[in-house]
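Structure assessment
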Amino acid sequence: MRRSPTPLVLAFGILLTLLASSPALAAGYRYWSFWEGSGGQWQYATQGPSTARPADGSALGFRFSVSQDAAAEAAKPRAAADFAAVCGATAAVEGRKRIAVVVDFGVPADAPAGDAPPQDAPRTACAQVAPDATAAEALAQAAKPLRYNSAALLCAVSGYPKQGCGEPIADAQEKPRADAAPKPSAQAEPADGGPSTSLLVGLAAVAALAAAAVWQSRRRR
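Because the structure is a prediction, the values reported are computed rather than measured. (Residues numbered from 1 in each chain as written. Predicted model: local features only at pLDDT ≥ 70, side-chain atom pairs only at ≥ 80, totals over all residues. Heavy atoms only, no water.)

Regarding the state of the cysteines
Scanning the entire structure with this criterion turns up 2 disulfides. One disulfide in the model links Cys87 with Cys126; its S-S distance is 2.2 Å. As the torsion about the S-S bond is roughly 115°, the Cys87-Cys126 disulfide counts as right-handed. With Cys87 in helix H2 (residues 83–87) and Cys126 in strand S5 (residues 123–129), this pair connects stretches of sequence that are 39 residues apart. There is a disulfide in this structure between Cys155 and Cys165, and the S-S distance comes to 2.0 Å. (Disulfide = S-S within 2.5 Å. Helix = DSSP H or I, 4+ residues; strand = E, 2+ residues; numbered from the N terminus.)

As for the packing of aromatic side chains
A complete count under the given rule lists 6 aromatic pairs for this structure. Relative to Phe62, the ring of Phe34 lies with its centre 5.0 Å away and its plane at 15°, an arrangement referred to as stacked. With Phe34 in strand S1 (residues 28–38) and Phe62 in strand S3 (residues 58–67), the pair connects residues that are 28 residues apart, well separated along the chain. Assigned by exposure class, Phe34 and Phe62 land together as buried. (Phe/Tyr/Trp six-rings, centres within 6.5 Å; stacked < 30°, edge-to-face > 60°. Buried < 20%, exposed > 50% of the residue type's maximum accessible area, 1.4 Å probe, protein only.)

Focus on the environment of Arg98
Of note, Arg98 is situated in strand S4 (residues 97–104). Counting along the chain gives 32 residues from Arg98 to Ala130, while the straight-line C-alpha distance between them is 9.0 Å.

Focus on the confidence of the model for the protein
Low-pLDDT stretches of the model should not have their predicted coordinates read in fine detail. Per-chain confidence: the protein averages 78 in pLDDT, with 62% of residues scoring 70 or above. Here residues 172–178 is modelled with pLDDT under 50, and outside its nearest four sequence neighbours on either side it reaches 16 contacts, counting other chains as well. Between residues 180–201, whose pLDDT stays under 50, and residues either more than four places distant or in other chains, the model counts 8 contacts. (pLDDT = per-residue confidence, 0-100. Contact = heavy atoms within 4.5 Å.)

Let's talk about the pattern of salt bridges
Counted according to the given criterion, the structure contains 3 salt bridges. Between Arg63 and Asp104 there is a salt bridge, and its shortest N-O distance comes to 3.7 Å. With Arg63 in strand S3 and Asp104 in strand S4, this residue pair connects regions lying 41 residues apart in the sequence. By relative accessible area, which is 0% here, Arg63 ends up buried. (Salt bridge = Lys/Arg side-chain N within 4 Å of Asp/Glu carboxyl O.)

So, helix H3 (residues 135–143)
Along H3, the positions that sit buried rather than exposed are Ala135, Ala136, Ala138, Leu139, Ala142 and Ala143. For H3, the angular spread of buried residues about the axis comes to 160°, placing them on one side. Looking at the buried side of H3, the elements it contacts are S1, S3, S4, S5, strand S6 (146–148) and strand S7 (154–157). (Arc of directions from axis to C-beta.)

Quick notes on unusual backbone geometry
Here the amide bond leading from Lys144 into Pro145 is cis, since omega sits at 5°, within 30 degrees of zero. Relative to the helices and strands, Pro145 is located in the loop between H3 and S6. Following Tyr160, the chain continues to Pro161 via a peptide bond in cis, the omega torsion being -5°. Following the sequence through the fold, Pro161 ends up in the loop between S7 and strand S8 (167–169). Notably, Ala152 is not glycine yet its phi reads approximately 65°, a positive angle. With respect to the element layout, Ala152 can be found in the loop between S6 and S7.

Here is the structure:
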C-alpha cells in the first residue's frame with residue numbers, strides 16, 4: 001500500500017514553492033544608457049552606439065544613471081528628442097548628415113563616490129558626420145573624450161565618470177533618483193522592503209504543518 005506524504009514533507013514542499021516563486025531583487029547598474037528619438041519620444045536603443053548607424057535627421061540620447069533594468073527601468077534623457085531644436089540652426093552640408101545629440105550627465109545622487117556630473121542640465125549638440133557614421137562617431141564629435149571597455153561598452157562621456165564601467169549597485173532599489181517616477185503596480189509592495197503578505201501567510205502554513213507532523217509523530221509513539 002502506497003503511503004501518503006507526511007505533513008512535514010508537505011511543509012517543506014510548500015516552503016520550496018514559495019521561495020521559488022518569490023520575486024528576485026532586481027540588480028541595479030551605474031552606466032550610460034543609449035536612446036533613439038522616435039516621434040519626439042525617447043526609445044531605448046536595440047543596439048550599441050558603435051554599431052547603430054542613424055540616418056540624417058535623427059536624435060540620439062545618452063543618460064548616465066543608476067537603473068535597475070536596462071529597458072524597463074532605465075532613466076531617459078531629461079531633454080526632448082527634438083532634432084529641429086538642436087540642429088535647426090545648423091545648415092545642411094552635402095556629403096554629411098546631421099545628428100542631434102543629447103548628453104545627460106544625470107543627477108549627483110547617481111554619481112560614483114568622489115565624482116560629480118560636469119553639469120546639471122543636459123548638453124545638446126548637432127553633429128555633422130559622414131553618411132555611414134555610427135552613433136558613437138556622432139557622440140565623439142559632440143562630447144569627447146569617450147571611454148570604452150574591452151567589450152565595447154560605453155563607460156564615460158566627456159571624461160565622466162573618471163572610473164568604473166557598468167558596475168552593479170547592490171542598493172539600487174533603495175536609492176531613489178530625483179527624477180524617478182513611481183512605478184505602477186497591480187499590488188502594493190511592502191514599504192520597508194520586507195517579506196510580502198503572501199510569503200508570511202505561506203510561512204505560517206508551513207509552521208502549522210510542521211507542528212502537526214510533530215504531534216502525529218508523538219501520537220504514534
